[in-house]
Amino acid sequence: MRYVDEFRDPEVISRTAEEIRRLADPARHYRIMEVCGGHTHAIYRFGLKDLLPENIELIHGPGCPVCVLPMGRIDDGLAMAEKTEVIFAAFGDMMRVPGTQGSPFDYKARGMDVRIVYSPADALKLAEQNPDRQVMFFAIGFETTAPSTALTLMRAKSLGVPNFSVFCNHVTIIPAIRAILDSPDMRIDAFIGPGHVSTVIGCRPYEWIARDQGRPIVVSGFEPLDLLQSIVMLLRQLQAGEARVENQYKRVVPWDGNRAALRAIAEVFELRPFFEWRGMGFISQSALRLRYPYAEWDAEARFSVPGVRVTDPKAAQCGEVLKGVLKPAQCKLFGAECTPEHPIGALMVSSEGSCAAYHNYEHRKLGDLQLPISD
Ligand code: SF4
């Protein structure tokens, strides 16, 4: 298949959904985690849950980079920028994410120079255009976006741009999956593997999940048929008592990943010993920091980082939702105190956040209409 329409063909979709119903053992309850926030969004957007039998439960995983960032890191970035009067540059996704004193947009309203950029390269350009100002890029994302930050830092170094720096919050997906599998309150039968991250890291890094943990994993695309086919592939493995890594998203994901992108990551970044994840605590070797040769462009070396540790508001259950222990609507604040217009947690802000996805599609479908946020 070559075109998007073919992945949304109602006839093929209903045949695939029928196959899922045929394969699913009615005596069993299947708990399948979609790791990636983009998958969560697609599942709600296309109403895929309604096509599945009730004994297939989809659990939303921690694959939304904005959502897993603890509030303290947002406060750190904003405090550094405010104190030193730098230009704070970040992706649009970050702009409404609340810190304890407000979101980047709130800081902008209070007079801070906050700019939306579409890539780290745009932030570097901003630095070149404003040689008398410091520009700090607030970098977030899994291995999907780390290569573009790495390439930008390589360029900043080769051009010798002195007024550009990166506040690095890049995280890595494998330790988060490991933390979920180690968590005593989680029981996952199989994984829908992340599509975007895998375009960079490939499928090999998941082999331990099948080999050591006995859980099948299928790397999936984002169209309705991609996700349904992935569930078929997982059910076939589960029914046969097998656990393998399979690649449903072959048209985009190379088995061995993108070597040039991996080389750029390895050149610029190294693993942090520990990094805090929202709701999941400190996870070892789960995030990236700049290597010594790039220290000159490291915001954490250039400015003093307050190192704020903040717990989420007591009633907010972002951590439980991120770990898949609760569904979005089970959070006490969902749809009342926390809405896309007045978010309390990042999961209600990001286009990959499960609370926003649930609110925009499922909640509205149930008749409790709210204004949707943009995608
Ligand atoms: S509804 Fe809001 S507070 Fe509750 S889990 Fe979602 S984002 Fe967090």
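Along each chain, numbering runs from 1 in the same order as the chain's sequence is written. Totals for whole chains, interfaces and linings use all residues, but because this is a predicted model, local features are given only for residues with pLDDT of at least 70 and pairs of side-chain atoms are given and counted only at 80 or more.

### A short note on the overall build of the protein chain
Right, on to step 1. The secondary structure content of the protein chain amounts to 15 helices and 13 strands.
Right, on to step 2. With C-beta atoms placed from the backbone, a residue is labelled by how many other C-beta atoms lie within 10 Å of its own: buried for 20 or more, exposed for 12 or fewer, partly exposed between the two. For the protein chain, with 375 residues in total, the buried portion stands at 50%.
Right, on to step 3. Here the contacts in the protein chain between residues at least 6 apart in sequence split such that 76% fall between residues at least 24 apart. Secondary structure elements are taken from DSSP: a helix is a run of H or I of four residues or more, a strand is a run of E of two residues or more, and numbering for both begins at the N terminus. By definition, residues are in contact whenever their C-beta atoms, placed on the basis of the backbone, come within 7 Å of each other.

### Observations concerning the sheet that holds strand β7 (residues 190-193)
Right, on to step 1. One open sheet accounts for 5 strands, arranged β2-β1-β7-β8-β9; its pairing is parallel. This sheet does not close on itself; its edge strands, each paired only once, are β2 (56-63) and β9 (245-247). The average undirected angle you get between the axes of adjacent strands in this sheet is 20°.
Right, on to step 2. For helices, the fitted line uses only the C-alpha atoms of the stretch in contact; every axis is such a line through C-alpha atoms, and the angle between N-to-C directions lies from 0 to 180 degrees. Those strands touched by helix α2 (residues 37-45) are β1 (30-36), β2 and β7, and its axis lies near 120° from that of β1.
Right, on to step 3. Together, β1, β7, β8 (217-219) and β9 form the strand contacts of helix α11 (residues 224-240), whose direction differs from that of β7 by roughly 150°. Two strands are said to pair when DSSP picks up at least two bridges between them.

### Quick word on the site of the ligand
Right, on to step 1. To decide nearness, the C-beta atom of each residue is placed from the backbone, and the residue is near a molecule or strand if that atom lies within 6 Å of it. Lining the immediate environment of the ligand, one finds 14 residues, of which Ala316, Cys331, Cys338, Gly345 and Cys355 sit closest.
Right, on to step 2. Residues were grouped as follows: Ala, Val, Leu, Ile, Met, Phe, Trp, Tyr, Cys and Pro as nonpolar; Asp, Glu, Lys and Arg as charged; and all remaining residues, including Gly, as polar. Grouping the amino acids of the shell around the ligand by side-chain chemistry returns 12 nonpolar, 2 polar and no charged.

### Quick notes on the nonpolar core
Right, on to step 1. Within the largest apolar cluster, 116 residues are counted, with the highest numbers of intra-cluster contacts made by Ile32, Phe88, Met136, Phe138 and Leu347.
Right, on to step 2. Top element by residues in this core is α11. It accounts for 8 residues.
Right, on to step 3. Apart from the residues within four sequence positions on either side, Phe138 is in contact with Gly77, Phe88, Ala89, Ala90, Met94 and Phe167. To define a nonpolar core, we join buried Ala, Val, Leu, Ile, Met, Phe, Trp, Tyr and Cys residues through C-beta atoms within 7 Å and take the resulting set.

### Brief notes about the domain arrangement of the protein chain
Right, on to step 1. With domains assigned, the protein chain is organised as domain 1 (4-60 + 185-244), domain 2 (67-172 + 257-302) and domain 3 (318-364).
Right, on to step 2. A C-alpha centroid distance of 25 Å is found between domain 2 and domain 3.
Right, on to step 3. Tallying the contact residues gives 10 residues for domain 2 and 13 residues for domain 3.
Right, on to step 4. Grouping the constituent residues of the side of domain 2 that touches domain 3 by class yields 6 nonpolar, 1 polar and 3 charged. Each domain's extent was defined by an automatic or database domain assignment.

### Observations regarding the packing of helix α7 (residues 146-159) against helix α12 (residues 259-268)
Right, on to step 1. Look at α7 against α12: their axes get within 8 Å of each other, and the N-to-C directions meet at 60°. Taken together, the axes of α7 and α12 lie oblique to each other. The interaxial crossing formed by α7 with α12 has left-handed handedness. Side by side, α7 and α12 meet where Ala146, Pro147, Ala150, Leu151, Leu153 and Met154 of the first sit next to Ala261, Ala264, Ile265, Glu267 and Val268 of the second. Orientation labels follow simple angle bins: below 35 degrees gives roughly parallel, above 145 gives roughly antiparallel, 65 to 115 gives roughly perpendicular, and whatever is left gives oblique. Crossings are assigned a handedness: left-handed for a near helix turned anticlockwise from the far helix by less than a right angle, right-handed for a clockwise turn.

### Some points on α11
Right, on to step 1. If you check α11, its first and last C-alpha atoms are 25 Å apart, about what 17 residues at 1.5 Å a residue would give, namely 24 Å.
Right, on to step 2. Of the residues trailing α11, Gly241 is marked for its positive phi of about 70°. Each helix should span, by expectation, one fewer than its residue count multiplied by 1.5 Å.

### Description of the sheet that holds strand β6 (residues 164-170)
Right, on to step 1. Pairing is parallel across the open sheet formed by 4 strands, whose spatial order is β4-β3-β5-β6. If you trace the sheet from one side to the other, it starts and ends with β4 (114-116) and β6, each paired once. Averaged over all pairs of adjacent strands, the angle between strand axes in this sheet comes to 25°, irrespective of strand direction.
Right, on to step 2. Note that strand β3 (residues 87-90) and strand β5 (residues 135-141) share 3 bridges and pair parallel. Across the sheet, residue Phe88 finds its bridge partner in β5, namely Met136.
Right, on to step 3. Where helix α6 (residues 120-129) meets the sheet, its contacts fall on β3, β4, β5 and β6, and the angle it forms with β5 comes to roughly 175°.
Right, on to step 4. Of the strands in this sheet, β5 and β6 touch α7, which is tilted by about 160° from β6.

### Brief notes about the environment of Val166
Right, on to step 1. Mapped onto the elements of the fold, Val166 is located in strand β6.
Right, on to step 2. For the pair Val166 and Thr152, spaced 14 residues apart in sequence, the C-alpha to C-alpha distance is 9.7 Å.
Right, on to step 3. Discounting chain neighbours no more than four positions away, the residues touching Val166 are Phe137, Ala139, Thr149, Leu153, Leu290, Trp297, Asp298 and Ala299.

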